[in-house]
Protein chains: 2
Amino acid sequence: MSAISPARMNRRALLAGVATAAAVLPGIATSVAQAPGQSLSSWNDGSAKQAILDFIRAATDQSSKDFVPPEDRIATFDQDGTMWVEQPAYAQAIFALERVHALAPQHPEWRGREPFKAVLGNEVGTIARFSERDWAEILFLTHSGMSQQEFQGLVRQWLATARHPRFKRLYTELVYRPMREVMALLRMSGFKTYIVTGGGQDFVRAYAQKVYGVPPEQVIGSSLVTKFVMKDGRPEILRLPSLFFDDDNAGKAIGIDLFIGKRPHAAFGNSTGDQQMLEWTGAGAGPRLKMLVHHDDAQREYAYGPAGGLPDTRIGTFSEALMDEAKAKGWTVISMKNDWTRIFDFD
Amino acid sequence: MSAISPARMNRRALLAGVATAAAVLPGIATSVAQAPGQSLSSWNDGSAKQAILDFIRAATDQSSKDFVPPEDRIATFDQDGTMWVEQPAYAQAIFALERVHALAPQHPEWRGREPFKAVLGNEVGTIARFSERDWAEILFLTHSGMSQQEFQGLVRQWLATARHPRFKRLYTELVYRPMREVMALLRMSGFKTYIVTGGGQDFVRAYAQKVYGVPPEQVIGSSLVTKFVMKDGRPEILRLPSLFFDDDNAGKAIGIDLFIGKRPHAAFGNSTGDQQMLEWTGAGAGPRLKMLVHHDDAQREYAYGPAGGLPDTRIGTFSEALMDEAKAKGWTVISMKNDWTRIFDFD
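What this report covers is the structure whose coordinates are included nearby. Note that the structure is a prediction, hence the values are computed from the model and not measured. Along each chain, the written sequence defines residue order, and numbers are assigned to residues from 1. For this description, chains carry letters from A and ligands carry numbers from 1, given in the order in which they are written. Where totals are concerned, whole chains, interfaces and linings use all residues; where local detail is concerned, this predicted model gives features only for residues with pLDDT of at least 70, and gives and counts side-chain atom pairs only at 80 or more. To obtain the side-chain values, all non-hydrogen atoms of the structure were included, while hydrogens and water were left out.

**So, the sheet that holds strand E6 (residues 289-294) of chain A**
Residues and elements named next belong to chain A. Here is the rule we go by: Criterion used throughout: strands pair if DSSP finds at least two bridges between them. We count a stretch as a helix when DSSP gives it H or I for four or more residues in a row; a strand needs E for two or more, and each element gets its number in order from the N terminus. Lines fitted to C-alpha atoms define the axes, with helix axes restricted to the stretch in contact, and inter-axis angles between N-to-C directions lie between 0 and 180 degrees. Pairs of residues are marked as contacts when any of their non-hydrogen atoms sit within 4.5 Å.
Read across the sheet, 7 strands follow the order E4-E3-E2-E1-E5-E6-E7 without closing on themselves; strand pairing throughout is mixed. Looking at which strands have only one partner, the edges of the open sheet turn out to be strand E4 (234-245) and strand E7 (332-335). Pairs of neighbouring strands in the sheet enclose a mean axial angle of 35°, with direction left out of account. Sheet analysis places strand E2 (residues 192-200) next to strand E3 (residues 219-231), joined by 3 bridges and oriented parallel. Looking across to E3, one finds that valine 196 is bridged to isoleucine 220. Docked against the sheet, helix H10 (residues 250-259) engages strand E1 (74-77), E2, E3 and E4, running at close to 130° with respect to E2.

**Quick look at the interface of chain A and chain B**
Formally: Summed over both partners, buried area is the accessible surface (1.4 Å probe) that two parts give up on being assembled. For salt bridges, the criterion is a side-chain nitrogen of Lys or Arg within 4 Å of an Asp or Glu carboxyl oxygen. Residue polarity is assigned by list, with Asp, Glu, Lys and Arg as charged and Ala, Val, Leu, Ile, Met, Phe, Trp, Tyr, Cys and Pro as nonpolar; anything else, Gly included, falls into the polar class.
Listed per partner, the contact involves 38 residues of chain A and 38 residues of chain B. Between chain A and chain B lies a buried interface of about 3,400 Å² when both sides are counted; carbon and sulfur atoms form 61% of it. Where chain A packs against chain B, one counts 4 salt bridges. We note a salt bridge from lysine 262 of chain A to glutamate 217 of chain B, for which the minimum N-O separation is 2.9 Å. Those elements giving two or more residues to the side of chain A that touches chain B turn out to be E2, helix H8 (201-205), E3, E4, H10 and helix H11 (275-282) of chain A. Residues of the side of chain A that touches chain B, tallied by class, amount to 22 nonpolar, 7 polar and 9 charged.

**Points about the side chain of glutamate 301 of chain B**
By the element assignment, glutamate 301 of chain B lies in the loop between strand E6 (289-294) and helix H12 (320-329). Residues contacting glutamate 301 of chain B, with those up to four places away along its chain left out, are Val85, Arg166, Phe167, Tyr176, His295, Met336, Ile343 and Phe344 of chain B.

**Some remarks on unusual backbone geometry**
How we decide: Between buried and exposed lies partly exposed: a residue is buried under 20% and exposed over 50% of the maximum accessible area for its type, with that area taken using a 1.4 Å probe on protein chains only.
Following glutamate 114 of chain A, the chain continues into proline 115 of chain A via a peptide bond in cis, with omega recorded as 5°. Topologically, proline 115 of chain A is positioned in the loop between helix H2 (91-103) and helix H3 (116-120). Cis geometry marks the peptide bond from glutamine 87 of chain B to proline 88 of chain B, where omega comes out at -5°. The topology assignment puts proline 88 of chain B in the loop between strand E1 (74-77) and helix H2 (91-103). Its identity as a non-glycine residue notwithstanding, asparagine 249 of chain A has a phi of 55°, on the positive side. If you trace the backbone, asparagine 249 of chain A turns up in the loop between E4 and H10. Of the residues examined, asparagine 249 of chain A reaches a relative accessible area of 29% and is grouped as partly exposed. For aspartate 232 of chain B, which is not a glycine, the phi torsion comes out positive at approximately 50°. Tracing the sequence through the fold places aspartate 232 of chain B in the loop between strand E3 (219-231) and strand E4 (234-245).

Coordinates in, geometry out; function isn't part of it.
Given below as structure tokens:
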């Protein structure tokens, strides 16, 4: 596990086009945990929907040779691009840029030092060209120096008002309704549903219960080193500015093994960062559902990856090679355009 | 989290007196997951039993100001010395010494190299004086170089035959019946029960479901770095010979935050390695049960710590300072001698 190597930075770092999303407008917090409608009601009939239904039927049918005992019913979901919108920039990256502005008064030295100088000067072009190391520095410094509790408070506060530049909605409203339906159906079928994200574990834990119905202990993600400290006689878990675990690419399979210790029977992703998670899931015996969300709907959401349409933003990379592997291994590719009748609750 | 620092070795390393337990006798594997009897039937009436019952009553009574919502009902249990016998040596250390013997033919160089030379020569005195670094080397090398699946197979194989030097029982039979009763009662009361061990996470996961009714995803422990590799076209999680996470002392509070992301309402330990877990548990609002098992029963088990009786084996250190903190903070100390009517299922 090379998570402790400074050379391997979080794929959070792979962010560009962020400038277009940098505007943070005030808004109203709304609950977004509405129960999804009847099972898979936002799905068109087709091979993707059928693959989900066939899998669940086999896994839960005691007379099936593919029956999966309840304790082994594990399903893992990538977040960015699989559960919610990741374009034109990861929500967490926007949050980090916001934090640079908020923290600047306490860091006068940032005015003269990159990458902070560019952020504070809103230098759109420079920000778009930030290296992985630049992003790592921004993420580590803005996400540390406080307790877990304080950090999650900041995340919730930000999510309550920050709005997506195109949809003008709270980020937590930009969850894919069809995917929440899949999660709900799997849970109704006895599956334990996990978020397995390259993003920050504690960032996602701040809202996963409310938004996805997934409790903190079922959110696995990238994390910072933390320290147990006494403050005024009371213990605190303090966040430090260095990477502890990189939960992306091979890290997703490793994270699943580390946190769960069981191989999932179902896994959902949308990019090369999810490749090993699907490989790990698919290598077990019995029924295994492996699905990739393909963003091919520029009108209702975005089109990128093999569908083209967006310049390479280094976000949600869905290469031709990944598509080839999906075909070769029988992974199911979900077409947002064709498989989903609705994308958001507000559609 | 200094888990990645080689200077901070696993407290597995704190092992001595191991030589007396080095004999491994063949035996018969038996199921040890019998359901415990009626709730707390192996407990004498007294303040310890009452503390457990009062806590559960408050936490589950909707009309109580101390009511704990079901999703927050988390209880964490140390393993060695809290759930099963840890004297005269940790089971996992005995397993590691066994592995040195088993692997020796593939490592001719060990014959001339410490600490392996002493193990292979059964040099009891030398083994008893092994440093933390010696133990780390033994543990890392014997626990790595294979897949998770292979490792857990070895653990299960060993547990099926290895016997405790004094009790002549399988290690999995040396589980404290009263503690399994507490676990079962908490689960019946809606608590999610976790093992939080300084020992190896994957070692304990090999039997925790069967022995404690605790699934792998609820076992948090010390872990090695792992790597995702392709072997004959199939992915494997390979164990590497270096420490990834040290789940002892402050690491227990950190591990709880990392894996669960919620503060426990109940925590059970027996040594200074559990101190921060109990501090972390106790620092939250609402009802919090903090308990320490005190080994004061030389006749039925062992007497060590403040009860004295054993030479300092560096196992299960229960210092006077820990007893003072327990008194000052109102932690409940369980007297094995006085609070437990039975210790083992076979009593």
